[in-house]
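Chain and residue survey
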Amino acid sequence: WNAQAAIDSDPTTAWMVPGDSSNKGEWLLIELPKGEIDKIGIFPGWGKSEGTFKDYARVKTLKVEVLCCIDSTPMETLHTLELTVQDAMEFQVIDVEDVKLGNELFGGRIRLTVAETYSGQDYPNLAVSEVIF
């Protein structure tokens, strides 16, 4: 259920927050090489089966922060946007404004913070199967 499950290219695994969390404010921090981001892909919810998808809470709205750079502390926020995700059991690709990541030598990070969720039928905790940039 750790964050690594959200970037392992396997929709049958999922990053899941603890059941006592309100989900709002939970976040993933992903380190990326220098480059440019123009799309964000996400499989909201647990994609193992239709049952697991509906049973657990799913991402509805995400705050996305592009942070620079891996060699700096604290990291500077270069760009912020909000994404709305459909409540659908599928990998969704969302076009975003082109944003450069990193500087001349280093990459950067992206922090995805949960703003809103779709409720799960049986369990309150949020699951996210995949995220890709």
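Everything numeric in this text was worked out from a predicted model, so none of it was measured.

1. Observations concerning the side chain of threonine 113
- Position of threonine 113 among the secondary structure elements: in strand β7 (residues 108-118).
- Not counting chain neighbours up to four residues away, the residues in contact with threonine 113 comprise Gly25, Glu26, Trp27, Thr61, Leu62, Lys63 and Glu65.

2. Some thoughts on empty space enclosed by the protein
- Under the definition given, this model contains 2 cavities of 30 Å³ or more.
- Approximately 50 Å³ is the volume found for the largest cavity.
- If you trace the largest cavity, you find it lined by Trp15, Leu28, Ile42, Val59, Leu62, Leu112, Val114, Val128 and Val131.
- Taken together, the elements giving at least two residues each to the lining of the largest cavity come down to β4 (58-68), β7 and β8 (127-132).
- Every residue along the wall of the second largest cavity is listed here: Ile37, Ile40, Val64, Val66, Leu81, Val96, Val99 and Ile110.
- Of all the elements in the fold, those that place two or more residues in the lining of the second largest cavity are β3 (35-44), β4 and β6 (92-101).
- For the lining of the second largest cavity, a count of residues per class yields 8 nonpolar, no polar and no charged.

3. Some thoughts on the packing of aromatic side chains
- Within this structure, the stated rule accounts for 3 aromatic pairs.
- When the ring of phenylalanine 43 is compared with that of phenylalanine 53, the centres are 6.5 Å apart and the planes differ by 85 degrees; the resulting orientation is edge-to-face. Taken together, the positions of phenylalanine 43 in strand β3 and phenylalanine 53 in helix α1 (residues 50-55) put the pair 10 residues apart, joining distant regions of the chain. Take phenylalanine 43 and phenylalanine 53: they sit in the same class, and that class is buried.
- Residues tryptophan 46 and tyrosine 56 carry aromatic rings whose centres are separated by 5.6 Å and whose planes lie at 65 degrees to one another, so their mutual orientation is edge-to-face. Of the two residues, tryptophan 46 sits in the loop between β3 and α1 while tyrosine 56 sits in the loop between α1 and β4, which places them 10 residues apart along the sequence.

4. Considerations on the pattern of salt bridges
- Applying the stated rule across the entire model yields 8 salt bridges.
- Among the salt bridges present, the one from lysine 39 reaches aspartate 38, with a minimum N-O distance of 3.8 Å.
- Owing to a relative accessible area of 35%, aspartate 38 belongs among the partly exposed residues under this scheme.
- Lysine 39 is paired through a salt bridge with aspartate 95; the nearest N and O atoms lie 3.4 Å apart. Taken together, the positions of lysine 39 in strand β3 and aspartate 95 in strand β6 put the pair 56 residues apart, joining distant regions of the chain.

Reading the values: rules and limits
- Residues numbered from 1 in each chain as written.
- Predicted model: local features only at pLDDT ≥ 70, side-chain atom pairs only at ≥ 80, totals over all residues.
- Heavy atoms only, no water.
- Helix = DSSP H or I, 4+ residues; strand = E, 2+ residues; numbered from the N terminus.
- Contact = heavy atoms within 4.5 Å.
- 1 Å grid on protein atoms, 1.4 Å probe; cavity = no way out; pocket = protein on both sides within 12 Å on 5 of 7 lines; lining within 4 Å.
- Points joined across faces, edges and corners; volume = space filled by probe spheres on them.
- Nonpolar A, V, L, I, M, F, W, Y, C, P; charged D, E, K, R; others polar.
- Phe/Tyr/Trp six-rings, centres within 6.5 Å; stacked < 30°, edge-to-face > 60°.
- Buried < 20%, exposed > 50% of the residue type's maximum accessible area, 1.4 Å probe, protein only.
- Salt bridge = Lys/Arg side-chain N within 4 Å of Asp/Glu carboxyl O.

By themselves, these are just geometric observations and shouldn't be taken as functional.
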